[in-house]
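Each chain is listed here by its residues.
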2 protein chains.
Amino acid sequence: MKRLINDGYDVVEEMLDGYVKAHSEDVRLSDESGRVVVSKHLSETPKVGIIFGGGSGHEPLFLGYVGKGVADAAVIGNVNTSPDPMTCYQAVKDVDNGKGCLYLYGNYQGDVINFDMGAEMAADDGIRVETVLITDDVYSSEVREDRRGVAGDVIVLMAACAAANEGKDLDEVKAVAERANLATYSLGVALSSSTLPVTGEKIFEIGEDEMEVGMGIHGEPGIVRKKIEPADSVVDEILEHILPDMKLEAGEEVSVLVNGLGALPVMDLYIVYRRVHDVLTEMGVKVHKSMVGNYATSMDMIGMSVTLTRLDEELKGYLDAEFDAPYLRQ
Amino acid sequence: MKRLINDGYDVVEEMLDGYVKAHSEDVRLSDESGRVVVSKHLSETPKVGIIFGGGSGHEPLFLGYVGKGVADAAVIGNVNTSPDPMTCYQAVKDVDNGKGCLYLYGNYQGDVINFDMGAEMAADDGIRVETVLITDDVYSSEVREDRRGVAGDVIVLMAACAAANEGKDLDEVKAVAERANLATYSLGVALSSSTLPVTGEKIFEIGEDEMEVGMGIHGEPGIVRKKIEPADSVVDEILEHILPDMKLEAGEEVSVLVNGLGALPVMDLYIVYRRVHDVLTEMGVKVHKSMVGNYATSMDMIGMSVTLTRLDEELKGYLDAEFDAPYLRQ
């Protein structure tokens, strides 16, 4: 196993310990749970609390986005595993200041069950918690609401946080997050599996010269497995799935997120970005905002995803807001 | 080859094209050279120009640190190859506004020859250019000035830029960069080679269960090759080399940079940071500033380095300054 860890069962606790030590000006662990990362910049004036979360192994998701003007807390599960309901609820207790909270997370069954139970526990204590599931992975289902969430998590988070920071109420913030989610479309390609810390093994095998288009960040099956192609061809194939689904037209504006899954070089990410930018420009679509980097990974998976978000003036305003967290300063 | 590129000979040009398209608010290519990335935030008032550079394949070095309050330009060579003298000189012409320029780069023979020729060309045109070589890699030589530069590049750059932004003259900025360099000590470990884009091959072979402590970012031989050990043991071995060399003592303050070499998961970097922090704290050394991430890579190399910088009040002030470039917002 080409990883630098100690005991595979301790990776999440040790990572969190290292994280709060490295970023002690921005975050702390909840007094009640070692699996809730809480911002040290919680608003003094009442605002909707934004809680991000899910399994570990996708860093900088979710902890890297807790900070000033961004997520108020992140709830952290084991590797590729949902956090439990009590932890989801604890985050609400840590951040709610009277305007209720919004749970934001990718659409995975375990997360849905546990966060929903967390919301019920909050309701029993008189705190209103709403949820927006992120469903940006184009290939994972024909039906929008059945899709998985991948790197689009970051875009939806930004929009929701900017809306919450403007003082909007819970229904309004939820509506903004829903709009941002429905405007967001992603598809990725994996050239390798990630390595699980406990077993030291890959989740799946793939040939030295192979890639899988459409694969999920936990290794969920993709559209097609084939020989690795030139970067431009891979981008073109990804866009052939995203663009018709999105029905993007000349004259529209988008944000582009080229997201590394962990082990693809920065060099390659910019070569990929170049092609996305050129294809969109050729179509007459304007790139309003671009993000290139490892925003949502699968540990040491080699691969990347492309996320496009259709923007209107309102969403542009939200995405252009100031976000200040260790991993959201790009 | 598990990379996403097009023609291996085109990677640098395509990366740069993608980079300036993605970050067009911050940077442009020089009108005279496609290998000089120039800040769009050049100071209106005269200040010492700070020019960073070296071979490609270490992204986000060097281009990711061109921006507002950081490097004024980066000079970009081919993969693992120095930029040529004319390009080094072009950067001076692009950024000098009367107070001269400082070249900052890691101590590699090709870079030294070419940047020195660039400085001579500038001198012929009446522009004074000074150089500070970065020499932070503890293992590469017993003699400080013979050491290679690795992730310490980023620390020295920050100090020099902060000093230049305060309006200091070239001699003063050079002195700050020299002090920051002499205060900085790094050592890394590689678990794999990077993959060269042109050949598609690894630079060196290493066993599936092996690592090499002290290896350079181009695959320069290290101290010892052995079985991969737990993260804490690897950190302890690195610190056993750095700490005596640095003669760090209780009561001192440092910055810590845990730098990913490209393909090591963020999770592992924080597990590594945790141990560094705990060992220093146990020693009575205070961590004033911490940085964890892929700051200076070797493309898809699996590995990391630890960089410690001894801080006094002056250096603390410089490192705490505001830096705003796509990869220096953490």
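Basis of the calculations
Residues numbered from 1 in each chain as written. Chains lettered and ligands numbered in written order. Predicted model: local features only at pLDDT ≥ 70, side-chain atom pairs only at ≥ 80, totals over all residues. Heavy atoms only, no water. Contact = heavy atoms within 4.5 Å. Buried area = accessible area lost by both parts, 1.4 Å probe. Salt bridge = Lys/Arg side-chain N within 4 Å of Asp/Glu carboxyl O. Helix = DSSP H or I, 4+ residues; strand = E, 2+ residues; numbered from the N terminus. Nonpolar A, V, L, I, M, F, W, Y, C, P; charged D, E, K, R; others polar. Axes fitted to C-alpha atoms, helices over the stretch in contact; angles between N-to-C directions. Parallel < 35°, antiparallel > 145°, perpendicular 65-115°, else oblique. Left-handed = near helix turned anticlockwise from the far one by under 90°. Domains from an automatic or database assignment. Polar contact = N/O pair within 3.5 Å; in protein donor to acceptor, adjacent residues only side chain to side chain. Buried < 20%, exposed > 50% of the residue type's maximum accessible area, 1.4 Å probe, protein only. Pairing = 2+ DSSP bridges. Right-handed = clockwise from strand over helix to strand, strands pointing away. Least-squares fit on C-alpha atoms with pLDDT ≥ 70 in both. 1 Å grid on protein atoms, 1.4 Å probe; cavity = no way out; pocket = protein on both sides within 12 Å on 5 of 7 lines; lining within 4 Å. Points joined across faces, edges and corners; volume = space filled by probe spheres on them. Expected span 1.5 Å × (residues − 1). Arc of directions from axis to C-beta. Phe/Tyr/Trp six-rings, centres within 6.5 Å; stacked < 30°, edge-to-face > 60°. Lys NZ or Arg CZ within 6 Å of the ring centre and 35° of its normal. Core = buried A, V, L, I, M, F, W, Y, C linked by side-chain atoms within 4.5 Å.

## Overview of the interface of chain A and chain B
Then, in step 1: Taken together, the contacts link 58 residues of chain A with 58 residues of chain B.
Then, in step 2: Between chain A and chain B, the buried area comes to about 5000 Å², and carbon and sulfur atoms account for 60% of it.
Then, in step 3: On the chain A side of the contact with chain B, A:Lys2, A:Leu4 and A:Met267 bury the most area, a combined 19% of that side's loss.
Then, in step 4: Put simply, A:Arg3 and B:Asp268 hold a salt bridge, and the shortest N to O gap is 2.6 Å.
Then, in step 5: Sorting the residues of the side of chain A that touches chain B by element identifies helix H1 (11–22), helix H6 (231–246), helix H7 (266–283) and strand S11 (286–293) of chain A as the ones contributing at least two each.
Then, in step 6: Of the residues forming the side of chain A that touches chain B, the biggest block, nine residues, is contributed by H7(A).
Then, in step 7: Class assignment of the residues belonging to the side of chain A that touches chain B gives a composition of 31 nonpolar, twelve polar and 15 charged.

## Quick look at the packing of helix H4 (residues 152–165) of chain B against helix H5 (residues 170–182) of chain B
Residues and elements named next belong to chain B.
Then, in step 1: Viewed as axis vectors pointing N to C, H4 and H5 meet at an angle of 155 degrees, and their least axial separation amounts to 8 Å. Relative to H5, the element H4 is oriented roughly antiparallel. When you trace H4 past H5, the crossing you get is right-handed. Between H4 and H5, the contacting residues are Val 156, Ala 159, Ala 160, Ala 163 and Ala 164 on the first element and Val 173, Val 176, Ala 177, Ala 180 and Asn 181 on the second.
Then, in step 2: Here the contact of H4 with H5 is composed, by residue class, of nine nonpolar, one polar and no charged.

## What about the domain arrangement of chain A?
Residues and elements named next belong to chain A.
Then, in step 1: In terms of domains, chain A is made up of domain 1 (8–182) and domain 2 (185–317).
Then, in step 2: Between domain 1 and domain 2, the contact holds 30 residues from the first and 36 residues from the second.
Then, in step 3: Between domain 1 and domain 2 the total buried area reaches about 2700 Å² when both faces are included, carbon and sulfur atoms providing 62% of it.
Then, in step 4: Of all residues in domain 1, Val 138, Tyr 139 and Arg 179 give up the largest surface area on contact with domain 2, accounting jointly for 21% of the area buried on that side.
Then, in step 5: One salt bridge in this structure joins Arg 179 and Asp 312, with 2.1 Å as the shortest N-O distance.
Then, in step 6: Taken together, domain 1 and domain 2 are joined by twelve residue pairs in polar contact (both at pLDDT 80 or more).
Then, in step 7: Within the residue set of the side of domain 1 that touches domain 2, elements represented by two or more residues are helix H4 (152–165) and helix H5 (170–182).
Then, in step 8: Among the elements that take part in the side of domain 1 that touches domain 2, H4 stands out by supplying five residues, more than any other.
Then, in step 9: In terms of residue class, the side of domain 1 that touches domain 2 is built from 18 nonpolar, five polar and seven charged.

## Quick word on the pairing of strand S5 (residues 101–106) of chain B
Residues and elements named next belong to chain B.
Then, in step 1: For S5, the buried fraction is high: six of the six residues fall into the buried class.
Then, in step 2: The alternating pattern of S5 places Cys 101, Tyr 103 and Tyr 105 and Leu 102, Leu 104 and Gly 106 on opposite faces, both of which are buried.
Then, in step 3: With four bridges connecting them, strand S3 (residues 49–56) and S5 associate as parallel partners. Across the sheet, Gly 49 pairs through a bridge with Cys 101, a residue of S5.
Then, in step 4: For S5 and strand S6 (residues 129–134), the ladder comprises six bridges, and the chain directions are parallel. For Tyr 103, the partnering residue across the bridge sits in S6 and is Thr 131.
Then, in step 5: Following the chain from S5 across helix H3 (residues 109–124) to the adjacent parallel S6, one finds a crossover that is right-handed.

## Overview of the relation of the copies chain A and chain B
Then, in step 1: If you rotate chain A by 180 degrees and push it 0.0 Å along the axis, it lands on chain B with an RMSD of 0.0 Å. What we have between these two chains is a two-fold relation. Residues of chain A ranked by C-alpha distance from the rotation axis are headed by A:Ala263, positioned 2.0 Å from it.

## Some remarks on unusual backbone geometry
Residue and element names in this part refer to chain A.
Then, in step 1: Look at the link from Glu 59 to Pro 60: it is a cis peptide, with omega at 15 degrees.
Then, in step 2: Its location among the elements puts Pro 60 in the loop between strand S3 (49–56) and strand S4 (73–79).
Then, in step 3: The omega torsion of the bond from Leu 61 to Phe 62 falls at -5 degrees, within 30 degrees of zero and hence cis.
Then, in step 4: As for its position among the elements, Phe 62 is in the loop between S3 and S4.

## Observations regarding the layout of surface pockets
Then, in step 1: What the second largest pocket holds in volume is close to 890 Å³.
Then, in step 2: Around the second largest pocket sit 31 residues that line it, and A:Lys202, A:Glu208, A:Ile302, B:Lys202 and B:Glu208 are the ones nearest its centre.
Then, in step 3: Classifying every residue of the lining of the second largest pocket gives eleven nonpolar, eight polar and twelve charged.

## Topic: H5(A)
Residues and elements named next belong to chain A.
Then, in step 1: Over its 13 residues, H5 extends 18 Å from the first C-alpha to the last, a length consistent with the 18 Å expected when each residue adds 1.5 Å.
Then, in step 2: Along H5, the residues that are buried comprise Leu 170, Val 173, Val 176, Ala 177, Ala 180 and Asn 181. Burial along H5 is one-sided: seen end-on, the buried residues are contained in an arc of 135 degrees.
Then, in step 3: The opening residue of H5, the one whose side-chain oxygen lies 3.1 Å from the backbone nitrogen of Asp 171, is Asp 169.

## What about the packing of aromatic side chains?
Residue and element names in this part refer to chain A.
Then, in step 1: In this structure the tally under the stated criterion is ten aromatic pairs over all chains.
Then, in step 2: Ring pairing ties together the aromatic residues Phe 52, Phe 62 and Tyr 65, which thus form one cluster.
Then, in step 3: Over the ring of Tyr 185 we find Arg 144, and its NZ or CZ is 5.0 Å from the ring centre.

## A word on helix H2 (residues 85–95) of chain A
Residue and element names in this part refer to chain A.
Then, in step 1: Of all eleven residues making up H2, nine are buried, and the element is well covered by its neighbours.
Then, in step 2: Of the positions making up H2, those classed as buried are Pro 85, Thr 87, Cys 88, Tyr 89, Gln 90, Ala 91, Val 92, Asp 94 and Val 95.
Then, in step 3: On its buried face, H2 is in contact with strand S2 (36–39), S3, S4, strand S5 (101–106), helix H3 (109–124) and strand S6 (129–134).
Then, in step 4: Residue Asp 84 occupies the N-cap position of H2, its side-chain oxygen lying 3.2 Å from the main-chain nitrogen of Met 86.

## Here we look at the nonpolar core
Then, in step 1: Grouped together as the largest cluster of nonpolar side chains are 192 residues, with contacts concentrated most on A:Leu104, A:Leu308, B:Leu104 and B:Leu308.
Then, in step 2: Setting aside residues no more than four positions away along its own chain, B:Leu104 makes contact with B:Ile50, B:Ile51, B:Phe52, B:Gly53, B:Val132, B:Ile134, B:Val156, B:Leu157, B:Ala160 and B:Ala177.

## Regarding the packing of H7(A) against helix H1 (residues 11–22) of chain B
Then, in step 1: Where H7(A) contacts H1(B), the axes come no closer than 7 Å and their chain directions differ by 65 degrees. At the point where H7(A) passes H1(B), the crossing takes the left-handed sense. Contact residues: H7(A) offers A:Met267, A:Tyr270, A:Ile271, A:Tyr273, A:Arg274, A:His277 and A:Asp278, while H1(B) offers B:Val11, B:Glu14, B:Met15, B:Asp17, B:Gly18, B:Tyr19, B:Lys21 and B:Ala22.
Then, in step 2: By residue class, the composition of the contact of H7(A) with H1(B) is eight nonpolar, two polar and five charged.

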